[in-house]
Amino acid sequence: MKPVRAVPLWWVLLLVSRLGATRKGSPEEASFYYGTFPLGFSWGTGSSAFQTEGAWDQDGKGPSIWDAFTHSGKGKVLGDETADVACDGYYKVQEDVVLLRELHVNHYRFSLSWPRLLPTGIRADKVNKRGVKFYSDFIDALLKSNITPIVTLHHWDLPQLLQVKYGGWQNVSMANYFRDYADLCFEAFGDRVKHWITFSDPRTMAEKGYETGHHAPGLQLHGTGLYKAAHHIIKAHAQAWHSYNSTWRGKQRGLVGISLNCDWGEPMDINSPKDIEAAERYLQFCLGWFANPIYAGDYPQVMKDRIGKKSAEQGLDMSRLPVFSLQEKSYIKGTSDFLGLGHFTTRYITERNYPSRQGPSYHNDRDLVELVDPNWPDLGSTWPQSVPWGFRRLLHFAQTQYGNPPIYVTENGASQKLHCTQLCDEWRIQYLKGYINEMLKAIKDGVNIKGYTSWSLLDKFEWEKGYSDRYGFYYVEFNNRNKPRYPKASVQYYKKIITANGFPNRREVESWYLKALETCAVNNQMLAAEPLLSHMQMVTEIVVPTVCTLCILISALLLMLLLQSQS
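Along each chain, residue indices are assigned from 1 in the same order as the chain's sequence is written. Residue-level local features of this predicted model are given only where pLDDT is at least 70; pairs of side-chain atoms are given and counted only at 80 or more, and the full residue set underlies all totals for whole chains, interfaces and linings. Side-chain numbers come from the whole structure's heavy atoms, not from hydrogens or water.

Draft legend 1. Inspection of the pattern of salt bridges at higher detail. The salt bridge criterion pairs a side-chain nitrogen of Lys or Arg with a carboxyl oxygen of Asp or Glu, the two atoms within 4 Å. The full count for this structure, using the stated rule, is 33 salt bridges. Residues Arg-192 and Asp-191 are paired through a salt bridge, measuring 3.1 Å at the closest nitrogen-oxygen approach. Each residue is assigned to one of three classes by its accessible area relative to the maximum for its type, calculated with a 1.4 Å probe on protein chains only: buried under 20%, partly exposed between the two thresholds, exposed over 50%. On the accessibility criterion, Arg-192 (18% relative accessible area) is buried. Given the relative accessible area of 52%, Asp-191 is considered exposed. Here Glu-313 and Lys-309 are joined by a salt bridge, their closest N and O atoms 2.8 Å apart. Here Glu-313 pairs with Lys-309, and both are found in helix H12 (residues 301-313), just 4 residues apart, close to one helical turn. You can call Glu-313 partly exposed: its relative accessible area is 46%. The exposed category is assigned to Lys-309, whose relative accessible area is 54%. Connected through shared salt-bridge partners, Lys-92, Glu-95, Asp-96 and Arg-485 make up one network. Numbering of helices and strands runs from the N terminus, with a helix taken as a DSSP run of H or I at least four residues long and a strand as a DSSP run of E at least two residues long.

Draft legend 2. Spatial organisation of the packing of helix H9 (residues 202-210) against helix H10 (residues 225-252). It is the contact of H9 with H10, at a shortest axis distance of 8 Å, that shows an interaxial angle of 145°. Note on packing geometry: the crossing formed by H9 with H10 is right-handed. Residues Pro-202, Met-205, Ala-206, Glu-207 and Tyr-210 of H9 lie in contact with H10, whose contacting residues are Gly-225, Leu-226, Ala-229, Ala-230 and Ile-233. Its residues assigned to classes, the contact of H9 with H10 comprises 8 nonpolar, 1 polar and 1 charged. Simply put, an axis is a line fit to the C-alpha atoms, just over the touching stretch for a helix, and the angle between two N-to-C directions goes from 0 to 180 degrees. Should the near helix be turned anticlockwise from the far one by less than a right angle, the crossing is left-handed, and should it be turned clockwise, the crossing is right-handed. We call two residues in contact whenever any of their non-hydrogen atoms come within 4.5 Å of each other. Lys, Arg, Asp and Glu make up the charged group, whereas Ala, Val, Leu, Ile, Met, Phe, Trp, Tyr, Cys and Pro make up the nonpolar group; the residues left over, Gly among them, are polar.

Draft legend 3. Broad picture of the state of the cysteines. Here, two cysteine sulfur atoms that lie within 2.5 Å of each other are counted as a disulfide. Within the structure shown, the criterion is met by 1 disulfide. Each sulfur in the disulfide pair Cys-262 and Cys-286 lies 2.3 Å from the other. Of the two residues, Cys-262 is situated in the loop between strand S6 (255-261) and strand S7 (264-267) and Cys-286 in helix H11 (residues 273-296); the sequence distance between them amounts to 24 residues. Note on Cys-262: relative accessible area 1%, which makes it buried. According to the relative accessible area criterion, Cys-286 is buried, its value standing at 5%.

Draft legend 4. Representation of helix H8 (residues 173-189) within the structure. Expected helix span is computed as 1.5 Å times (number of residues minus one). An ideal rise of 1.5 Å per residue puts 24 Å on 17 residues; H8 measures up with 25 Å between its terminal C-alpha atoms. By the criterion of burial, H8 is predominantly enclosed, with 12 of the 17 residues buried. Listing the buried residues of H8 in full gives Ser-173, Met-174, Ala-175, Tyr-177, Phe-178, Tyr-181, Ala-182, Asp-183, Leu-184, Cys-185, Phe-186 and Phe-189.

Draft legend 5. How the structure looks around the nonpolar core. Counting residues in each nonpolar core, the largest one holds 149 residues, and the members touching the most others are Leu-112, Trp-169, Trp-196 and Met-439. If near-sequence neighbours (up to four positions away) are discounted, Met-439 is found in contact with Phe-37, Phe-41, Trp-43, Phe-391, Leu-395, Val-409, Ile-449 and Tyr-452. Put simply, a nonpolar core is a bunch of buried Ala, Val, Leu, Ile, Met, Phe, Trp, Tyr and Cys residues held in one set by side-chain atoms that sit within 4.5 Å of each other.

Draft legend 6. Region of interest: the packing of aromatic side chains. Under the pairing criterion, centres of Phe, Tyr and Trp rings, with the six-membered ring standing for Trp, must be within 6.5 Å; the plane angle then separates stacked pairs below 30 degrees from edge-to-face pairs above 60, leaving the rest tilted. Counted under the stated rule, the structure contains 51 aromatic pairs. Look at Phe-50 and Trp-66: their rings are 6.0 Å apart centre to centre, the planes differ by 45°, and that puts the pair in the tilted class. Placement of the pair is Phe-50 in helix H2 (residues 49-52) and Trp-66 in helix H3 (residues 65-71), with a sequence separation of 16 residues. In this pair, the class of Phe-50 matches that of Trp-66, namely buried. Taken together, the ring pairs in this structure connect Phe-50, Trp-66, Phe-69, Trp-156, Phe-461, Trp-463, Tyr-467 and Phe-478 into an aromatic cluster. Distance and angle both matter: a charge sits over a ring if NZ of Lys or CZ of Arg is within 6 Å of the ring centre and within 35 degrees of the ring normal. Lys-433 extends its terminal NZ or CZ atom over the ring of Phe-32, reaching a point 5.0 Å from the ring centre.

The following block contains the structure:
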């Protein structure tokens, strides 16, 4: 790994402006780039275990913190929804592999359920062999279809017993339990899995789980809990990487990284040093919080300074931001073979000072405000807005901040309107076109991007939003117990991008759009007929067996009468 030299945000802004990146208007106005991606570029889509699998208590699976959170019935999830069934993915593996083949993807990013493999979370207690077989068979099915598995070890569904017994990520012992869990996965699946992600979006996991309480485990430990959780997650990541590096890499030849999500923070006033500093702070509190220890050995200096200063003003003897020892810094630095980067949208950033007397919080520690341009395209949901140019800037920032690491875009997508059931998702097509094109420009600029994962394969359980937001290429009819999948127009469009490995020319790209909208009209008719088909199925399942039973009873009665008359 190259030595990392921090590059100030103003330098990145100057660089991208010289390369022709603009922050005004749509991708077309910013000069759409027609060209192809490098040979071997990997195209994919993704999902996570808790959001799709269902079967929450089947075949030996233990409860997760999200099972407990959604079952509490305290209005924590929109509509008090649960993921007990979700997309029923546990029982629809072969069906979903067919959808992946239909999309023509090169890879599929999915997560393993820690409590499905280790019901208590502790390897020494019990390994669930049925869980191991489920994922082993799934990996085999992907490979048989020439689809590379990119496997996330932990996507937020911590075993509930680890939360109850130890306090979850508030306890440093989680790092050891996570390493043991990772070792089990490397041992069971590492002969076939060559791309591992330790954690998915740990910033959100820490912030919403231990600061705002909007996510499981629902704790509100303002200004302290999230920093402690993140500290232990970073240690856990490092332990898993070192275990793979020392024990498994020699024979398995795989890669281990982490997936970090961050929106781009653009200075509200590009000529204001304070706004530029605030935007830099936004990015360091978002991406640098986890990336800096991994690539440079410690938290960003601005985090240490700000949180330390506010902690002192609040009468605390020590900073609320934990400290790595010299040994820990050395141990953590360099523990990533690639950087997984998730990105959805952009925010304008301006400085605002929050007095320390308001109390400790992540929000106040940053001293900034996030703003949205009302002229940005509205996708019909509160988040995300479509701002493709921010993606290119974030990719440049990651390249310059962390020594030009190999980057896999691990999440990028847009959600559908609330209660919208139409499959002609033109807005998602425009989102894909714009963001993928900005990624192509970044590659032409020299950013080392190896693959792209569009989020997500299916509509699924969206955490505290329940089933209200739909990110999928495939519409899932959650009201039907069979959870049928229907392709949206974006399936056809994304498939064309993959097949062409980019955007060959204007005429061809425009034809993709028209063909995608043609196919979705037919699919809409199928979806419109779904209530009738469900009703017919219900009739078939209830009425037909009832009629058959009556026929048997009547036949038996007639037979008895016949026998009596003969006797």
